[in-house]
Every structure is written in C-alpha cells, then in structure tokens.
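# Structural characterization, general
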Amino acid sequence: MMQRPVMVADPAAWIAQDDAQAGAQDDAQAGAQDDAQAGAQAGAQDDGTGHDEPGPDGPVLFFCAAALEARHLAFRDGFPGDVTFAVKANPSEAVLAQLWAGGMRAFDVASPEEIALVRRVCPRAVLHYHNPVRSRAEIALARAAGVASWSVDEAGELVKLLECGLPAGSEVAVRLALPVAGAAYAFGAKFGAGPEAAVTLLRQVAEAGMRPSMTFHVGTQCTDPAAWGAYMAEAARCAQAAGVTLDRLNVGGGFPGGRDGGPVDHAPIFAAIRAGLAGFAQPLALVCEPGRGLVADAFAYGVQVKSRRAGRVYLTDGIYGGLVEAGQIGAGAFVVRGPDGQVRAGETAAFTVFGPTCDSLDRLPGEVALPVTLAEGDWLIFAAMGAYVQGMSSRFNGYGDWRQVAVAAL
Ligand SMILES: Cc1ncc(COP(=O)(O)O)c(C=O)c1O
C-alpha cells in the first residue's frame, strides 16, 4: 500500500525531527528493535518521487507546494499572456501535475524524453518544442506526439522540419539572439539568429506556409528587465523588416529565482514586457516559458557536513550532484543549521568546501564563509534550488541522489 506523504512545517522542523528520530532509533536498537515501524517512519517522509534512497545521510530536497502555487499564480496574474513551463528546469511528475492542476495547459519541451514525461503526466497538454536543433528522428517522434509549436534559428533547421512533413499552418518561431547583458549566463552563444538572419528566416517561414512567430531567451537568472525590452524592440523591427505579422511572441525564460536568499519580484520584468508591446504595429499574443523563475523558489536543498577539518569542509553532495550550478554560476545563499534545526549564527571563517566524490574539482567555487562553530552533522540549506537540480545531478561515485520531503513553508 502506498504511504501518504507527511508534511513537516519547514526544513528546520524536519532536521530536528530527524535528529530526534535517530535518537529514538538508537534507544530502540539498544532494546527490542521494531524494523517495520522504523521503515514506516522513514517512508513517511517520502513523497513518492522515487528519490528516497540517497544513502543514510544523503541530501534532502525540501519541496513547498504552496510556494509553487503562489509563484504560478503570480505569473498568471502578472504576465500579460500565456504562461508555459520549461520542463528541463524541473522534470518531475509532482511539479508538472501541480502546474497542470493549477491551469497550465502548454509546456516547453526540449527532447523526446521530456515529451514522453509531459504526455505521461498531462496527456492533453500542448507541447512547444523550443530546442531549435533537432534530429530528423526527434522531429518524427515529436510530430507523432502532436507537438504544436517549433522554434528554428537557421534555414537548415526549417528545411529539416519541412522535409519531415510539417503541415502548413504550423507555428514556427524564429529564435532571435542579441548581445544583451543582465543574465547569469547568456544563451545567445549557442542558439539564435542575429537580426538580419532572423528577418530572412521569418520570410522563409511565411513563404513555406507556416505561421511565423518569434522567440528569444535573455539568458538564465536575468535580473535586468531592460533585457526583455531590448529583445522585444528588436523583434518588432525584424517582423516589420520581414513584412510579416507575427502569430505570437514568446519571451522565453530567464526570470530569476531567489538565489541570494531574498524574495523575488518579477513585476518590473512583467512591466517591461507589457511596455514592449507598444513597439509592435498590431496587438500581439505573448507567451513565456519560465523554468527557474517558476520553480526555483519552491525548493530548498539540504546537505550535511561529513567532515570538518582546519579550513576545510566535506559535504554530502557537491558539483556532480545537486550543487551542479555552483560550479557554473556560483553557490547560492544558504543557511547553516545544527542537528537541532537551530541556525548557527555568529562569527564566520573562510573554508574550502568539497563535495563527497573523489574528484578534487568537486568543490564550491572560492572560499566559503561558514560559522566557526560549524560541526560534523550540521546542515547547509541552500535557497531557490528547484531548478536544474533534478535534471542535472549525476550519480558520479554513487552520490548525487536525494530524498524529497514535503514542507509547509521554506
Ligand atoms: C528554449 C528555452 N526556454 C526556456 C528555458 C528556461 O530558462 P530559465 O530556466 O532560465 O527560465 C530554457 C533554458 O535552457 C530554454 O532553452
């Protein structure tokens, strides 16, 4: 029989409870051990995601469904168009099912695996395949799955779609790339056509009998609303120069999560996007496809201190696991809690922080300020960890798996 997930108040309460349970288990082991009950207690923390066997002291992904619901509502209320979700940011059934239940009807997918996942969890969802480079085999599979919208950033990719029998009237979004700043890292170096090439592509899409749209991605964790404004102004110029009326404009993802541990307000970005509409000759339907900005803040990631030495700390997870983004865009904000759940405040010192694998590259960038009272068994609870953890953590050295725990608040 499936166990019902048990909700705990917050990560601190779970840590304290886990500690108390460990103590209780020690007592029980000294006397008569009740294995069945111990198993039920451990299982009661699990939400059924399958990530429940990370080892005895593995990382914990704290998921707050209420926070996800609140952020989804904020997008629906504040974004002046259709809100979709970039599945790659958090390819988990729990998140997809909740977004679907909350009224989301379209998802951005980037691979056959993501298509299959969405079809499994929400079979009637509309699929936007916005990875602009696809093999013919992937196109065939996506067509069979009923993909409704495609992006292209080069004539060869449009030709591929046409040769694979894309029916006339399909939505094809030309992906624009501009050298704008403001993101943790830009995506323009890999995908996207410059303005001149985008104009040519728009014409080709229209001539092929498809519905021309445009799309862009300002780069992930973008905190500058002006980036969206710059892209929208250029998209308007491209559409005018090509002489096409855009079917829709997809303003991508890039919305930031609270990696600094503070609250996130997307309202200035929504305002910039609303203002950007004025640059278009006709009223225009908008779509966004946030990944990080929608899901990151609904999760926190807890890793424990395995070993503390002079100037060095070894954690139960690192850059090959859930802290993978630390190596790319720096470790986000975290709180240190002792085994009783209490915050360890006070004086700090600089530590080199290593992950659990045998690779010396497995360390957080730079030196990390940690409390001088830090001890083995303490927890580092990283904020805004709902994006690019599930899909990107590897099982190198047998580490990197986590247990998911439902919390009422983060
Ligand atoms: C086409 C596309 N859309 C949306 C996203 C989501 O980006 P973010 O998580 O920065 O919102 C990505 C990320 O790679 C992407 O490639």
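### Some details on the overall build of the protein chain
Scanning the protein chain from N- to C-terminus turns up 12 helices and 17 strands. Looking at the protein chain residue by residue over its 410 residues, the buried ones come to 45%. Residue pairs at least 24 apart in sequence account for 76% of intrachain contacts in the protein chain once pairs closer than 6 positions are excluded.

### Let's talk about the nonpolar core
Counting residues in each nonpolar core, the largest one holds 115 residues, and the members touching the most others are Phe 62, Val 174, Leu 176, Leu 202, Tyr 231, Ala 235 and Met 385. Of the residues forming this core, the biggest block, 10 residues, is contributed by helix 9 (residues 225-242). Counting residues domain by domain, this core receives three or more from each of domain 1 (11-27 + 42-63 + 297-406) and domain 2 (65-295). Ignoring any residue separated from it by four or fewer positions in sequence, one finds Leu 176 in contact with Gly 192, Ala 193, Pro 195, Ala 198, Met 214, Phe 216, Tyr 231, Glu 234, Ala 235 and Cys 238.

### Looking at the site of the ligand
Neighbouring the ligand are 17 residues, the closest being Ala 86, Thr 220, Gly 253, Gly 291 and Arg 292. Classifying every residue of the shell around the ligand by side-chain character gives five nonpolar, eight polar and four charged.

### Considering the sheet that holds strand 2 (residues 82-83)
Within a sheet, each strand pairs with its neighbour through backbone hydrogen bonds, oriented either parallel or antiparallel. Spatially, 2-10-9-8-7-6-5-4-3 is the arrangement adopted by the nine strands of the open sheet, whose pairing is parallel. A single partner strand is all that each edge strand has here, and the edge strands are strand 2 and strand 3 (85-86). Here helix 5 (residues 112-121) sits on the sheet in contact with strand 4 (106-109) and strand 5 (126-129), set at roughly 160° to strand 4.

### Quick notes on the environment of Ala 183
Within the secondary structure, Ala 183 sits in the loop between strand 7 (171-176) and helix 8 (195-207). A tally of 20 C-beta atoms within 10 Å means that Ala 183 is categorised as buried. Distance in space between the C-alpha atoms of Ala 183 and Phe 255 is 9.2 Å, their sequence separation being 72 residues. When near neighbours in sequence (up to four residues on either side) are disregarded, Ala 183 contacts Val 218, Gly 219, Thr 220, Gln 221, Cys 222, Ala 227 and Gly 254.

### Concerning helix 7 (residues 155-163)
If you check which residues of helix 7 are buried, you get Glu 157, Leu 158 and Leu 161. Taken down its axis, helix 7 places every buried residue within 100° of arc, on the same side. Seen from the open side of helix 7, the exposed residues pointing more than 90 degrees away from its buried face are Gly 156 and Glu 163. Those residues of helix 7 that are buried lie in contact with helix 6 (136-144), strand 6 (149-152), strand 7 and helix 8. Following helix 7 by one or two positions, Gly 165 has its phi on the positive side, about 85°.

### Topic: the pairing of strand 16 (residues 379-382)
Residues Trp 379 and Ile 381 of strand 16 are buried on one face, and the alternating residues Leu 380 and Phe 382, pointing to the opposite face, are buried as well. Examined bridge by bridge, strand 11 (residues 299-309) and strand 16 share four bridges and lie antiparallel to one another. Looking at strand 16, one finds that Tyr 301 is bridged to Phe 382. The pairing of strand 13 (residues 334-337) with strand 16 spans four bridges and is antiparallel. By the bridge assignment, Arg 337 is partnered in strand 16 with Trp 379.

### Brief notes about helix 3 (residues 65-78)
Relative to the 20 Å expected for 14 residues at 1.5 Å per residue, helix 3 spans 20 Å between its end C-alpha atoms, a close match to the ideal helical length. Of the residues making up helix 3, those classed as buried are Ala 67, Leu 68, Arg 71, His 72 and Phe 75. Along the axis of helix 3, the buried positions cluster into a sector of 135°, meaning they face one direction only. For helix 3, the exposed residues lying more than 90 degrees away from the buried face are Ala 70 and Asp 77.

### Some thoughts on the pairing of strand 12 (residues 312-315)
Residue alternation in strand 12 divides its side chains into a buried set, Val 313 and Leu 315, and an unburied set, Arg 312 and Tyr 314. In the sheet, strand 11 pairs with strand 12 via four bridges, with the strands oriented antiparallel. Paired with Ser 307 across the bridge in strand 12 is Tyr 314. As paired elements, strand 12 and strand 14 (residues 348-354) share three bridges and run parallel to each other. Directly across from Val 313, in strand 14, lies its bridge partner Val 353.

### Side note on the environment of Glu 376
Along the chain, Glu 376 falls in the loop between strand 15 (368-371) and strand 16. Residue Glu 376 is classed as exposed on the basis of its 12 C-beta neighbours within 10 Å. For the pair Glu 376 and Pro 339, spaced 37 residues apart in sequence, the C-alpha separation works out to 9.3 Å. Excluding residues within four positions of it along the chain, Glu 376 makes contact with Val 305, Lys 306, Ser 307 and Arg 308.

### A few points about unusual backbone geometry
Positive phi, close to 60°, is recorded for Tyr 388, a residue that is not glycine. Tracing the backbone through its elements, the reader meets Tyr 388 in the loop between strand 16 and strand 17 (403-406). The class for Tyr 388 is buried, based on 22 C-beta atoms found within 10 Å.

### Overview of the environment of Leu 166
Its location among the elements puts Leu 166 in the loop between helix 7 and strand 7. Accessibility expressed as a C-beta count within 10 Å gives 19 for Leu 166, which makes it partly exposed. C-alpha separation for the pair Leu 166 and Met 210, spaced 44 residues apart in sequence, amounts to 8.8 Å.

### Focus: the confidence of the model for the protein chain
Close inspection of predicted coordinates is inappropriate in any region flagged by low pLDDT. On average, residues of the protein chain score 91 in pLDDT, and 90% of them reach the 70 mark or higher. The low-confidence segment residues 25-50 (pLDDT under 50) makes 23 contacts with residues lying over four places distant or belonging to another chain.

Quick notes on the rules
- Counting restarts for each chain: residues are numbered from 1 in the order of the written sequence.
- The predicted nature of this model means local features are confined to residues of pLDDT at least 70 and side-chain atom pairs, given and counted, to a pLDDT of 80 or more, with totals for whole chains, interfaces and linings taken over all residues.
- Here a helix means four or more residues in a row that DSSP labels H or I, a strand means two or more in a row labelled E, and each is numbered from the N terminus.
- Residue burial here comes from a neighbour count, namely the number of other C-beta atoms, placed from the backbone, that lie within 10 Å of the residue's own C-beta, with 20 or more meaning buried, 12 or fewer meaning exposed, and in between meaning partly exposed.
- Here, residues touch in the contact sense if the C-beta positions derived from the backbone fall within 7 Å of one another.
- As used throughout, a nonpolar core is a set of buried Ala, Val, Leu, Ile, Met, Phe, Trp, Tyr and Cys residues joined through C-beta atoms within 7 Å of each other.
- Domain borders in the structure are assigned automatically or taken from a domain database.
- Residues are counted as near a molecule or strand when the C-beta atom, derived from backbone positions, lies within 6 Å of that molecule or strand.
- Classification convention: Asp, Glu, Lys, Arg as charged; Ala, Val, Leu, Ile, Met, Phe, Trp, Tyr, Cys, Pro as nonpolar; all other residues, Gly among them, as polar.
- Being paired, for any two strands, means DSSP has found at least two bridges between them.
- Axis geometry follows a simple rule: fit a line to the C-alpha atoms, using only the stretch in contact for helices, then measure angles between N-to-C directions, giving values from 0 to 180 degrees.
- Throughout, the arc means that of the directions going from the helix axis to the C-beta atoms.
- Here the expected span of a helix is defined as 1.5 Å times the quantity of residues minus one.
- Per-residue confidence from the predictor is given as pLDDT, running between 0 and 100.

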